[in-house]
Amino acid sequence: MGAEVFKGRFTVDNRDGRGFVVFLIGMRINKWWAVHKWVPVFLAMPAMVRELFSNKDLGFLTMENFFNFRSTLMVQYWESEEDLLRYAKGDKHLKAWSDFNKKVKDTDAVGIYHETYLIKPGQFESIYGNMPRFGLAKALGHTPITNSSKTARQRLKNIR
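These numbers come from a predicted model, not from an experiment.

The rules we used
- Residues numbered from 1 in each chain as written.
- Predicted model: local features only at pLDDT ≥ 70, side-chain atom pairs only at ≥ 80, totals over all residues.
- Heavy atoms only, no water.
- Helix = DSSP H or I, 4+ residues; strand = E, 2+ residues; numbered from the N terminus.
- Buried < 20%, exposed > 50% of the residue type's maximum accessible area, 1.4 Å probe, protein only.
- Contact = heavy atoms within 4.5 Å.
- Areas by Shrake-Rupley, 256 points an atom, 1.4 Å probe, with all protein chains shown as cover.
- Lys, Arg positive; Asp, Glu negative; His and termini not counted.
- Charge placed at Lys NZ, Arg CZ, Asp CG, Glu CD.
- Salt bridge = Lys/Arg side-chain N within 4 Å of Asp/Glu carboxyl O.
- Pairing = 2+ DSSP bridges.
- Axes fitted to C-alpha atoms, helices over the stretch in contact; angles between N-to-C directions.
- 1 Å grid on protein atoms, 1.4 Å probe; cavity = no way out; pocket = protein on both sides within 12 Å on 5 of 7 lines; lining within 4 Å.
- Points joined across faces, edges and corners; volume = space filled by probe spheres on them.
- Nonpolar A, V, L, I, M, F, W, Y, C, P; charged D, E, K, R; others polar.
- Phe/Tyr/Trp six-rings, centres within 6.5 Å; stacked < 30°, edge-to-face > 60°.

J.: Can you help me understand the overall build of the protein in this one?
T.: Within the protein, the regular secondary structure consists of five helices and seven strands. Projecting the C-alpha coordinates of the protein onto the three principal axes gives extents of approximately 55 × 30 × 30 Å. Per-residue burial for the protein yields a buried fraction of 37% across its 160 residues. Residue pairs in contact within the protein that sit at least 24 positions apart in sequence constitute 77% of those at least 6 positions apart. In the structure as shown, the protein presents an accessible area of about 10,100 Å², 57% of it carried by carbon and sulfur atoms. Between the centroid of the 25 positive side chains of the protein and the centroid of its 16 negative side chains there is a distance of 6 Å.

Shown next as structure tokens:
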């Protein structure tokens, strides 16, 4: 059926005041007709995602996926910068990176990107209305909005 929808307004439950990492990664198809160049890049990701979800010791919390006509975007949430960097140096990722570089070194048919954001306590806020646990709420947990957390300013103040 789908994820449970939580009726009402919620915010991230971050009472322990920890930081975390938001990692964006994706690819862009620059030349649709060069299927043999971009499909291998696209197919490299599922094995790594399975590894992340099956091994909680890696520091990976959760992720969301988005697709449009030419691009994919994966938003990942990690416990720490160290966990993300350790995974980047792991066997599966290094193999996928090496394979990618071999396959696309002489073509611009496909592009990849990533961005890393180190989020410190007190530097974020969130609100979810009538939603399943999503994004950061799925990563850290959520709690109902109260009179002391009904505005963005209050939510920012509450997590500092």
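So much for the structure itself; the text now carries on.
J.: Looking at this structure, how should I read the pattern of salt bridges?
T.: Note that side chains of opposite charge can pair when their charged atoms are close. Scanning the model with the defined rule gives six salt bridges in all. A salt bridge links Glu79 to Arg18; the shortest N-O distance between them is 3.0 Å. Within this pair, whereas Glu79 is found in the loop between β4 (72–78) and α2 (81–88), its partner Arg18 is found in the loop between β1 (6–12) and β2 (20–29), the two being separated by 61 residues in sequence.

J.: Please clarify how the sheet that holds β4 should be interpreted in this entry.
T.: Strand pairing in a sheet is mediated by backbone hydrogen bonds. Such pairs are either parallel or antiparallel. The strand order β3-β4-β2-β5 describes an open sheet built from four strands, whose pairing is antiparallel. A single partner strand is all that each edge strand has here, and the edge strands are β3 (60–67) and β5 (110–119). Geometrically, the sheet is characterised by an average inter-axis angle of 15° between neighbouring strands, direction not taken into account. The pairing of β2 with β4 spans five bridges and is antiparallel. By the bridge assignment for β4, Phe23 is matched with Gln76.

J.: Even after reading the chapter, I still don't get the sheet that holds strand β6 (residues 128–131), so can you show me in this structure?
T.: Overall, antiparallel pairing links the three strands, which are arranged β6-β1-β7 in an open sheet. The two strands at the open ends of the sheet, each matched to only one other strand, are β6 and β7 (142–144). Taking each pair of neighbouring strands and ignoring which way they run, the sheet shows an average axis angle of 50°. As defined by bridge partners, β1 adjoins β7 across three bridges and the pair is classed as antiparallel.

J.: Would you explain the layout of surface pockets in this entry?
T.: The method is simple in principle: a probe with the dimensions of a water molecule rolls over the atoms, and the space it marks as empty is what remains. Considering only enclosed or pocket space, the largest pocket measures out at about 720 Å³ in volume. Ile25, Gly26, Met45, Met48 and His93 are, among the 34 residues lining the largest pocket, the residues nearest its centre. With eight residues, the single largest contributor to the lining of the largest pocket is helix α1 (residues 35–54). Class assignment for the residues of the lining of the largest pocket results in 26 nonpolar, seven polar and one charged.

J.: Help me out: how do you make sense of the environment of Ser98 in this one?
T.: Along the polypeptide, Ser98 turns up in helix α3 (residues 91–104). A sequence separation of 51 residues divides Ser98 from Ser149, and the C-alpha atoms of the two residues are 47 Å apart.

J.: Before we go on, may I ask you to explain the packing of aromatic side chains in this structure?
T.: For any two aromatic rings, the description comes down to two numbers: the centre-to-centre distance and the angle of the planes. Under the counting rule described, the total for this entry stands at nine aromatic pairs. Relative to Trp38, the ring of Trp32 has its centre 5.4 Å away and its plane inclined at 85°; by these criteria the two rings are edge-to-face. The interplanar angle of 70° and the centroid separation of 5.6 Å between the aromatic rings of Phe60 and Trp78 together place this pair among those described as edge-to-face. Residue Phe60 is found in strand β3, and its partner Trp78 is found in strand β4; the two are separated by 18 residues along the sequence. Comparing Phe60 with Trp78 shows no difference in burial state: the two are buried. An aromatic cluster is defined as three or more aromatic residues linked by ring pairs; in this entry it consists of Phe53, Phe60, Trp78 and Tyr87.

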